[in-house]
Each structure stands twice: as structure tokens, then as C-alpha cells.
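Letter by letter, the chains look like this.
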Protein chains: 2
Amino acid sequence: MTQIEGTDAGSFADLLDTSGVLDELIFVSVDDHIIEPADMFEGRLPAKYQDDAPRVVTRDDGSLAWVYDGDEVTSMGLNAVVGRPPEEWGLEPDRFEDMRKGCYDVHQRVNDMNVAGVLGSMCFPSFAQFCGQRFFRTTDKDLGLAVLRAYNDWHIDAWCGAYPDRFMPLGIIPLWDPQLIVEEIRRIHAKGAHAITFSEDPYKLGLPPLHDHHWYPMWAVCEELEVVVCLHLGSSSSLPATSPGSVIETSQTLAPLSLLSTATEIVWSDFLRDFPNLKIALSEGGIGWLPYFLERCDYVYRHHRHWTGTNFGDKLPSEVFKEHVISCFIEDRPGLVLKDDIGVDMICWEMDYPHSDSSWPAAPESFAPSLPHLTREEIDKITYENACRLFKFDPFRHRTKAESTVQALRALTTEDDLLYKSAERLRGKGVMHPTADALTSQFVSR
Amino acid sequence: MTQIEGTDAGSFADLLDTSGVLDELIFVSVDDHIIEPADMFEGRLPAKYQDDAPRVVTRDDGSLAWVYDGDEVTSMGLNAVVGRPPEEWGLEPDRFEDMRKGCYDVHQRVNDMNVAGVLGSMCFPSFAQFCGQRFFRTTDKDLGLAVLRAYNDWHIDAWCGAYPDRFMPLGIIPLWDPQLIVEEIRRIHAKGAHAITFSEDPYKLGLPPLHDHHWYPMWAVCEELEVVVCLHLGSSSSLPATSPGSVIETSQTLAPLSLLSTATEIVWSDFLRDFPNLKIALSEGGIGWLPYFLERCDYVYRHHRHWTGTNFGDKLPSEVFKEHVISCFIEDRPGLVLKDDIGVDMICWEMDYPHSDSSWPAAPESFAPSLPHLTREEIDKITYENACRLFKFDPFRHRTKAESTVQALRALTTEDDLLYKSAERLRGKGVMHPTADALTSQFVSR
């Protein structure tokens, strides 16, 4: 399998497949990320909030930060490392000029998608945090709501609107009020959004747990409008950890598996059974653990339902889960071998640009080892058809399929697009043997 | 798949396979449990501690409890439900006379193993807690050590010693002092123990984390004497939970996956690489999540090692893990389909008698759905050969293989052995729709 190994070379070119096996495939990623550009809020807030809008400042060490609601926030570091030599990665705050422009510039993003041969993308926030929890924490909730709506307007109109054949809109919601949530979902749905990002574990944010009926108005409107609810790892402002002092790789290993806890909460909750057409996506959760998990749920159900009184009617927990839950992966051979245990119609593919886990630019290549386990029909479902169907994304109103393949998109780019983006300023500044505490503390505070 | 479904009938007889497909197989379980009998400490403590020995009392409601070190402790309930109608299961404390005698009587245990067609068993403590943490918490540590040694003597001499062809000894250790740990391991190894039970997460017990070099003397002596270190779910006196108020099935679903965090801590720790011949067992952890987990570890390693400095030499994390870690399952089709990703030589089978997750008496039957995915050679490794090799268990010094098969052992039992054990006292006393909080609070306190 082609991987980013060593970094003496200055180009990713040798990671790309030349056998042609991927050429005709089409890829749509349901999990990428925007590093919000500094000017995104300009002209998008009511006049009375203009002075309170989030703004970017340069700090003494040259790094950048957002200033908002009395806080100074960095949201970059490992989130924006794509295309940089791995030796220069680290937890240090970053600057726009140290990143690939595709992190924050939509035109350059489309070019980087072309470099990877990827047609479509759904992008999560960074400064706003994975499910917009930044604005839930805003002291003045009216300001928070205004900024949240400005984010959604910018995201839908400016970012996705610039390339409707390339981006699927993903809205954030005012977590603090179910009625406001319903109103915002109706508003952004009318603007073309068919997905929202919500928290994997709202209880950790100080809100009622996922299973609480408090959220029923949200599930109801999402079911009614066929809006997918995406739960992204980290959207509880926390990451799994093993123990103090363990190396950073422990948290990185477990990060997707925070959604295992979410999946558990969901499968046993009333709301899946009460909203039969609701769809939930476990964003960046991986899929290889699902066959085990679903067998385990059914095992627990069969062993305990006689005394607990839990009742799934004529179905098993695994069956109810598979009707509702969209599972998502970056690279996951075990899950694709056992795809029938998961349900081929509910598996979607991810690139995770520009995070450290991203497979860019060899994203289709990271899928190649799984090709022998899948029929062509299954491949198309997983790489793009499921995403298009579930998220109501129809790029082929704007372009032909022949113009959308890995080969066709990569033909639009140049060798220069594959050069490493190095930053002299960051060389040797990484922390060797960092601990997970460093990651989780940055994660929670930012 | 044959499962305990409905409980109108009074016998388990119809759960047993009659096709003959299992008849010639041999099963050794590396995870069962003893409910300690009330007389176990009699005559096993120095005279000065005789009055402080743990003892069993009957409470006003008729239930039993151990009294020790100022605490009154129940350790039964869902831990001793085997063979009872599932409608009568619950979290309520239990009495010896409400259990199958095999929970606490070694002769009846052997008979119940015969009923299931199971040759061998390794048994974890109950009152003493999964890794003997009860004695770590003892106020007077000299008393704690004396009781701990009495436990080990009883376990090795009385329980396992009564049937050396049926039981593998499993020692507990004085968690509070590495030097005492080493001494106790040497002492019980000399008495024939080739395994100890340690904590899945000692940090949660107030001890240094698993990755801490504090534990190096323990790893060193276990490597030297080829003693397997078993880490059982719950041996941190905690269970995973999702959120307050979630149903009890959430904790039951996640319970094995507490060992996913342990596996993560282990794979990135120095000690696996520093003690190349050390063997660790993830007891009751399941195996179906391991292929995903191991792929994830390697993915993290390839993506991050250039800047984190983590170094596995010429191996991958997954390779180091597979050299050291014994994985264990009760029923796990996904893991057995992907057995080559885990390593067929390091997978062991479990029955979990007498806990609520136990497959007794249809334990071999719960393995039957996986037979088509395995060669006969692989089946024998997984059902008994790996356990015998890794835990230095040689029942065939005492008996022939022909006397050890499912068919041969079941032939020693009667239809009456398959009758339900019902308890009028417990009917209708279960809590309907119990929450996970009830389970976890019982679990931590007991």
C-alpha cells in the first residue's frame, strides 16, 4: 500500500497509482475540513454585532489566533498539516502562509481535490469547532446565534456555492435551544443544506445526553426534511485518552473509537426506533469495528432482554442500527472485507483533508487494497453513490461522470501541485515524544 | 445459532447440538469465575489474623454478604446467574442456595463443565475482585497480604488441586508493592501457577499507569518464569458508560471494549518492546475489533512517527502486539473470519461461567457458526491447543484426548443437569428498564 514514508523527496508524485486500476473510479468524501479564512465574517453580521465578530490576530511569535468573546483561540496545528513534510508536523499553532492554500481557499481546495482525483466533499468547521460548539459557549447567546448564522451563510453561499458540483453543505446549529435548532435547520435546508453537524456526546458539553428526549424536536425535523445528522469524532470537545503520560499515539489510535461509545448510546436509545427514517452519520469513526459491535449488541439483547424489558419488536438491535446509521472510513480493509455485516448501502468514504489523518493526495490509492474484496457495483456505492443518495448531492446535473473520475480530475493538475509545502519556521520545532495530554488539552481548550 | 431464547421450558436440553459436528472437539476456557465459598479462608490464615478473615453473613433480607475490613460486600447478582431463567436475572444480591452449585463447589463445577462438554477452565475471583484489588484496598496491608496469600493457596491447592486435569491456576498479586508482587509470583509459580490476573488500568485504582516503568519488576519476573499476565475487563473497578440515565445494555455492550483502551495503552508502551517474551491476555475482551485496531495502530504509526519519534525498529506496532497479546472471545464470528489479521496462534476461547454473558451450557454450540471459516488445525488451536501451550496446561498427562471431547464429557452427565435453576424468591424482583448507572455503581462499590 502506498503511504507517506520518509520525506527526503520534495514531492508526493511517487505515491500516486500508475497502474490505471483507479482511473475510472469516482470519489466523494463525506469528511473534510475547512480552516476558516480570516475574512469570512466580513459583511455577514448585523451592524450591532460587527465589532464583536471573530477576527484573526497575529501573536508575538508570529502565529495566528482568532479573537472572539474574550478568548484567543488557535485552531490549526495538526489540523492543517496536509501536504507538509511529516517531520515538520506538530502541535504548534500555525499561520495561513505555512499551510497549503487549499486549507482555507475554496479555489485552491478544488484544485487539491483534483490533485487527489476526488470529485466531491463535505467540510466540517475548525474555528467554529466540529459541531459549532464555539457559539454554544458564547456568553451572549444572541451574538452566538448571529455568528453561527453568518458561518452557515458563508459556508453554504460562499464556500459550497462557488462550486455546487464539488461541495455538499453542512450546517451548524444553536445547540442551546431545541426550538432555535429546528428554526436554523429549516432555514439552511431552504438554502440547500441536507446535513448538519451535531455532537457525538452532548452530555460532555454540559447538555442533555444523546438518548434524552430533549433532542426529539431536532430528530423530528431532520427526519421530516431528510437532513442527515453527522456526529464527528471530537465534537464533544474531548478525545479518548488512556492514562496520564501516555504517548500521543494512544489518543490518535482511539480518536475514531470515541464514536463506538456514541454508537452504543444511539443503538439502545429510543429515538432510532421512534424516528424510523432518521439518518445519522458517524463521521471519521471507521467501520472495521462495526461487525464486532453489531454482533455484541445482538448478543447483549438476546442475553438480557428477558429481564431488562428492552424491546426492539421483530428486529434485532443490529438491524435497527443498519437502517439508520451511515458509517464512514478513510482507510479500512477489515471493514470492507466484512462489508455485508455493515450494509453496503450505508458505508461512505472520507479523505479528511487537511488533517493529519488525511490520505491526501493518495486518497484513492489508500482504497486500492480493498478493491479485490468488492464488486464494481459495491465500489461505486461506497466511493460516491451512497454519499450522493444519502446527502442529496447531484454533481451530475453540472458535469458528466466521465469528467468526474480520478483520471479526469488529475488531468487538470500539474506536477507542481504535488510538491511538499515546507515551512523553514517550523523545522525542528516539533516536540519529540509528545504525550497524549498535550493533544487532549489543546483539543479541549481550542 | 443456538441461543437462550424464551424461558417457558425448564431445561436447556434443546440448545445442545445433536448433529455431531462438535462431538470430537475439545474446549478449554481461559475465562471463567469462582464465587468464593464461605469456608475458603478457614485454616489458611496465621493465628493473629484469624479473627480478621473475611466471613459471610446473612442480611435481614435473606441475601448474603462478605464482611471484611469494615465493609459489607456483595459479589453475586449478575455474576452468578448461570443456569437460571433469564426473567429472574437482576442486580439484586444473591444467596448461595439461589445459584447453581457449580458457582462455588468445585465438584459441581466440574460436572457443569461436563454438561457443557468443556475440558479445562481458568477461573477469576469474585469477592477478591478481578485482580484481587479487594486486598490492595485493605487498610492493614499485612492483613491484606495474608488474606491474598490464603486466597492463592486455596485457589491453587483446593480448587485447582482437586482436578489438575481440569483447572489452570490463576494467582492474584499484592498490587501495592512491586517487590511483594515479584515474591508472590515466584511463590505461586513454584506451586504450579502459570498466570496472574493484573489490572486492565491500574491508574483507575490509584496506581501508576500500565505504561509506567514502575511495573518493570513484574514484567521481568513474568517474562523470566513465562507467567501470563491476564487483564480482565472490570479489573480497574470500573466499566465503560455512555451517559447518565442510559439503559444498562450500553454498559454491557461496551464492557469488553474497556480492553480496547488497555490494548492501546499496551501497544504504544515501552514494556512490550523491552520484554520480548512477555505474554499478556486480554480476558473477555473479544477479538472482532482487533483487525480494525491493529490496522489503525499501523496507520497512526506511519502518519506520525516522523515527528513523534516513536520507534518500533524494523516492525510495525501490529506485529509487536501480535507477538505478545493473547486475545480471548466467548462468541465472535467477525474475529474468526478475520483470524489471520489477529494471528491464529494467539486466540483463545472463553465460556465465562457463571456470568450473565456466559454461553453455558451451549458453549461449544456458540462456536459452531464459526466452524466454516476455520480449518480443523485452526479450530484445535483456538478451542484448546493455544490455551494449553500458552498457560502450560497439560491435561493429557492425566487423561486421553478421547476422554476429553465434548461428546465424552457430556456422556458423563444426565438430563437433570440441564434443568433450570429457578428461585421463587427472585421472581418478579428484577428492576425493569435498569440504567447503566445501577450496574456501574454496584460494580465500583462491591
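Our structure is the block above this text.
K.L.:
So what exactly am I meant to see when it comes to the overall build of chain A here?
P.N.:
When helices and strands are tallied, chain A shows 16 helices and 11 strands. A principal-axis box enclosing the C-alpha atoms of chain A has dimensions of 65 × 60 × 50 Å. Sequence separation of 24 or more characterises 77% of the internal contacts of chain A that already satisfy a separation of 6 or more. Taken as two groups, the 40 positive and 70 negative side-chain charges of chain A have centres that lie 3 Å from each other.

K.L.:
Would you mind going over the pattern of salt bridges with me for this structure?
P.N.:
When the charged atoms of two side chains lie near each other, side chains of opposite charge can form a pair. Summed over all chains, the structure comprises 42 salt bridges over all chains. The residue Lys315(A) makes a salt bridge to Glu323(A) at a minimum N-O spacing of 3.1 Å. Classification of Lys315(A) by relative accessible area gives partly exposed; the value is 33%. Measuring nitrogen to oxygen at the nearest pair gives 2.6 Å for the salt bridge that ties Asp341(A) to Arg333(B). Of this pair, Asp341(A) sits in helix α12 (residues 339–342) while Arg333(B) sits in helix α11 (residues 333–337), placing the two residues on different chains. For Arg333(B), a relative accessible area of 26% translates into the label partly exposed. Counted as one network, the salt bridges with shared partners bring together Arg149(A), Asp153(A), Asp157(A), Glu184(A), Arg187(A) and Lys191(A).

K.L.:
Any chance you could explain helix α7 (residues 258–268) of chain B here in plain terms?
P.N.:
An α-helical segment advances 3.6 residues per turn. Residues three or four places apart therefore align on the same side. α7(B) sits mainly inside the fold: 10 of its 11 residues count as buried. Of the residues making up α7(B), those classed as buried are Ser258(B), Leu259(B), Leu260(B), Thr262(B), Ala263(B), Thr264(B), Glu265(B), Ile266(B), Val267(B) and Trp268(B).

K.L.:
Honestly, the environment of Arg187(B) in this entry has me stumped. Any pointers?
P.N.:
All names here are of chain B. Mapping Arg187 onto the fold places it in helix α4 (residues 178–190). Take Arg187: its relative accessible area is 26%, and that puts it in the partly exposed class. Note: C-alpha distance between Arg187 and Ser236 (49 residues apart in sequence) is 25 Å.

K.L.:
For this particular structure, what's the right way to read the sheet that holds strand β6 (residues 167–168) of chain B?
P.N.:
Strand pairs in the sheet, formed through backbone hydrogen bonds, run parallel or antiparallel to each other. All names here are of chain B. Taken together, 3 strands build an open sheet; the order of strands is β1-β5-β6 and the sheet is parallel. With one partner strand each, in any of the chains shown, β1 (28–33) and β6 form the two edges of the open sheet. Bridge count for strand β5 (residues 120–124) against β6 is 2 bridges, and the pairing is parallel. The residue bridging Met122 from the neighbouring strand is Met168, located in β6. Helix-sheet contacts for helix α14 (residues 376–390) involve β1 and β6, and the interaxial angle to β1 is about 80°.

K.L.:
Quick question: what am I supposed to make of the relation of the copies chain B and chain A here?
P.N.:
Relating the two copies of this chain is a rotation about some axis coupled with a shift parallel to it. Between chain B and chain A, which share one sequence, the superposing operator has a rotation angle of 180° and an axial displacement of 0.0 Å; the RMSD is 0.0 Å. Here the transformation between the copies is reduced to the relation of a two-fold axis. Residues of chain B ranked by C-alpha distance from the rotation axis are headed by Trp289(B), positioned 2.4 Å from it. A share of 100% of the interface residues of chain B reappears at the interface of chain A, consistent with the copies meeting face to face through the same patch.

K.L.:
Before we go on, may I ask you to explain helix α9 (residues 290–308) of chain A in this structure?
P.N.:
All names here are of chain A. The principal kink in α9, of about 40°, is found at Arg302. In terms of residue burial, α9 counts as a mostly covered element, since 18 of its 19 residues are buried. Two residues or fewer after α9 comes Gly309, characterised by a positive phi angle close to 80°.

K.L.:
Help me out: how do you make sense of the nonpolar core in this one?
P.N.:
Generally speaking, nonpolar side chains in soluble globular proteins are found buried as a group. Of all hydrophobic cores here, the largest spans 242 residues; its most connected members are Trp219(A) and Trp219(B). When neighbours within four sequence positions are excluded, Trp219(A) is seen to be in contact with Phe198(A), Leu210(A), Val229(A), Phe271(A), Phe275(A), Leu278(A) and Ile280(A).

K.L.:
What's the story with the pairing of strand β8 (residues 228–232) of chain B in this structure? I'm lost.
P.N.:
Two faces belong to every sheet, and in a regular strand the side chains alternate between them. Residues and elements named next belong to chain B. Within β8, 5 of the 5 residues are buried, which leaves the element mostly enclosed by the surrounding structure. Of the two faces of β8, the one holding Val228, Cys230 and His232 and the one holding Val229 and Leu231 are both buried throughout. With 5 bridges connecting them, strand β7 (residues 195–199) and β8 associate as parallel partners. Bridge pairing in β8 links Thr197 to Cys230. Handedness of the crossover joining β7 and β8 through helix α5 (residues 216–225): right-handed. Where β8 lies against strand β9 (residues 280–283), 4 bridges are found, and the strand directions are parallel. Looking at β9, one finds that His232 is bridged to Ser283.

K.L.:
Sorry, what's going on with the environment of Asp23(A) here?
P.N.:
All names here are of chain A. Relative to the elements of secondary structure, Asp23 occurs in the segment before β1 (28–33). Counting along the chain gives 94 residues from Asp23 to Gly117, while the straight-line C-alpha distance between them is 8.7 Å. In contact with Asp23, other than residues within four places in its own chain, are Thr405, Val406 and Gln407.

K.L.:
Which parts of the structure should I look at to understand the sheet that holds strand β9 (residues 280–283) of chain A?
P.N.:
All names here are of chain A. As summarised here, the arrangement of the 5 strands in space is β7-β8-β9-β10-β11, forming an open sheet in which the pairing is parallel. Looking along the sheet, the strands with just one partner apiece sit at the ends: β7 (195–199) and β11 (347–349). Strand-to-strand twist in this sheet, taken as the mean axis angle between neighbours without regard to direction, amounts to 30°. With 3 bridges connecting them, strand β10 (residues 325–329) and β11 associate as parallel partners. Of the residues in β11, the one forming a bridge with Ser327 is Ile347. Its contacts with the sheet put helix α5 (residues 216–225) on β7, β8 (228–232) and β9, and the angle it makes with β7 is roughly 160°.

K.L.:
I keep staring at the interface of chain B and chain A and nothing clicks. Help me out?
P.N.:
Size of an interface, as often reported, equals the accessible area lost when the parts are brought together. On the chain A side, the residues contacting the 73 residues of chain B number 73 residues. If you sort the residues of chain B by the area they bury against chain A, Tyr292(B), His306(B) and Trp307(B) come out on top, with a joint share of 13%. Along the contact surface separating chain B from chain A lie 6 salt bridges. A salt bridge links Asp357(B) to Arg296(A); its shortest N-O distance comes to 2.7 Å.

K.L.:
Sorry, what's going on with the side chain of Thr250(B) here?
P.N.:
Positionally, Thr250(B) belongs in helix α6 (residues 248–254). In terms of polar contacts, Thr250(B) uses its side chain to reach the backbone carbonyl oxygen of Val247(B), at 2.6 Å. Every residue in contact with Thr250(B), bar those within four places of it in the chain, is listed here: Thr264(A), Glu265(A), Trp268(A), Thr242(B) and Ala436(B).

K.L.:
Explanation requested: a negative patch on the surface in the structure shown.
P.N.:
On the surface, a cluster of negative charge is made up of Asp51(A), Asp52(A), Asp69(A), Asp71(A), Asp140(A) and Asp142(A). Structurally, Asp52(A) can be placed in the loop between β1 and β2 (55–58).

K.L.:
Explain the packing of α9(A) against helix α10 (residues 317–324) of chain A here, please?
P.N.:
Relative orientation and spacing of two packed helices are given, respectively, by the angle between their axes and the distance between those axes. Residue and element names in this part refer to chain A. Between α9 and α10, the least distance of the axes is 8 Å, while the angle of their chain directions is 135°. Overall, the two elements α9 and α10 adopt an arrangement that is oblique. Contact with α9, carried on its side by Leu290, Phe293, Leu294, Cys297, Asp298 and Tyr301, involves Pro317, Ser318, Phe321 and Lys322 of α10 and no other residues of that element. Tallied by class, residues from the contact of α9 with α10 come to 7 nonpolar, 1 polar and 2 charged.

The rules behind each value
- Residues numbered from 1 in each chain as written.
- Chains lettered and ligands numbered in written order.
- Predicted model: local features only at pLDDT ≥ 70, side-chain atom pairs only at ≥ 80, totals over all residues.
- Heavy atoms only, no water.
- Helix = DSSP H or I, 4+ residues; strand = E, 2+ residues; numbered from the N terminus.
- Contact = heavy atoms within 4.5 Å.
- Lys, Arg positive; Asp, Glu negative; His and termini not counted.
- Charge placed at Lys NZ, Arg CZ, Asp CG, Glu CD.
- Salt bridge = Lys/Arg side-chain N within 4 Å of Asp/Glu carboxyl O.
- Buried < 20%, exposed > 50% of the residue type's maximum accessible area, 1.4 Å probe, protein only.
- Pairing = 2+ DSSP bridges.
- Axes fitted to C-alpha atoms, helices over the stretch in contact; angles between N-to-C directions.
- Least-squares fit on C-alpha atoms with pLDDT ≥ 70 in both.
- Bend = angle between axes of the 7 residues up to and from the residue.
- Core = buried A, V, L, I, M, F, W, Y, C linked by side-chain atoms within 4.5 Å.
- Right-handed = clockwise from strand over helix to strand, strands pointing away.
- Buried area = accessible area lost by both parts, 1.4 Å probe.
- Polar contact = N/O pair within 3.5 Å; in protein donor to acceptor, adjacent residues only side chain to side chain.
- Patch = residues over 30% accessible without salt bridge, like charges linked within 9 Å, V, L, I, M, F, W, Y side chains within 5 Å.
- Areas by Shrake-Rupley, 256 points an atom, 1.4 Å probe, with all protein chains shown as cover.
- Parallel < 35°, antiparallel > 145°, perpendicular 65-115°, else oblique.
- Nonpolar A, V, L, I, M, F, W, Y, C, P; charged D, E, K, R; others polar.

So, to be careful, I would describe these as geometric facts and stop short of saying anything about function.
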